[in-house]
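# Geometric and topological summary
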Amino acid sequence: CFQQIEGFGEYGFPESHAASFALLVYVSAWMKRHYPAVFACALLNSQPMGFYAPAQIVRDARDHGVEVRPPDVNYSDWDCALELPVEPGGEAALRLGLRQIKGFSAADGDWLVAARGNGYADMDAIWRRAGLSGGALECLAHADALSSIVKARRDALWAAKRYATQGRRGRTSRRAAA
């Protein structure tokens, strides 16, 4: 038995590694306790990690009092972000990023954000300025990311289907879209 234990001691969990890991756990726990919105935002932007699904992180953030705002074409960037609270002195809210929308590409997200300017008034503005395809518009509609311009998700889905037959509007360069 002694020889087996001695052999494990050669490559086992070194004390320095244990101390480093303990420090990371402590700092993470402190951040989650005192800044739950910041903690959740950082975890979501670090995905995929393989530990927790984004839905679990969002649910846990809500359980800890974080206001979680959905992805939206007029407010979201590609990554999740913190937004000012509605009430002065309140906690920051977590705005989900476009990266959380299943099937929505980073390239389409870049174009959408770059062409946003002062915002999109309707889906036609998104199609014209950002040059998104009908499929990308459908992804946004399924995720209810068009709620700032189309109040009902079903109406947004029907409107997105109109663009599916029109294809993608030409893109010349990112600078032209901005």
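Since this is a predicted model, take the numbers as computed values, not measurements.

We now examine the overall build of the protein. When you go through the protein residue by residue, the secondary structure sums to nine helices and three strands. The order of helices and strands in the protein, counted from the N terminus, is α-α-α-α-β-β-β-α-α-α-α-α. With 178 residues in all, the protein has 35% of them scored as buried. Contacts in the protein between residues at least 24 apart in sequence constitute 58% of all its contacts with a sequence separation of at least 6.

With that settled, the discussion passes to the environment of Ala 55. Its location among the elements puts Ala 55 in helix H4 (residues 54-63). Take Ala 55: its relative accessible area is 59%, and that puts it in the exposed class. Taking the C-alpha atoms as reference points, Ala 55 and Leu 44, separated by 11 residues in sequence, lie 9.5 Å from one another.

Conventions used here
Residues numbered from 1 in each chain as written. Predicted model: local features only at pLDDT ≥ 70, side-chain atom pairs only at ≥ 80, totals over all residues. Heavy atoms only, no water. Helix = DSSP H or I, 4+ residues; strand = E, 2+ residues; numbered from the N terminus. Buried < 20%, exposed > 50% of the residue type's maximum accessible area, 1.4 Å probe, protein only. Contact = heavy atoms within 4.5 Å.

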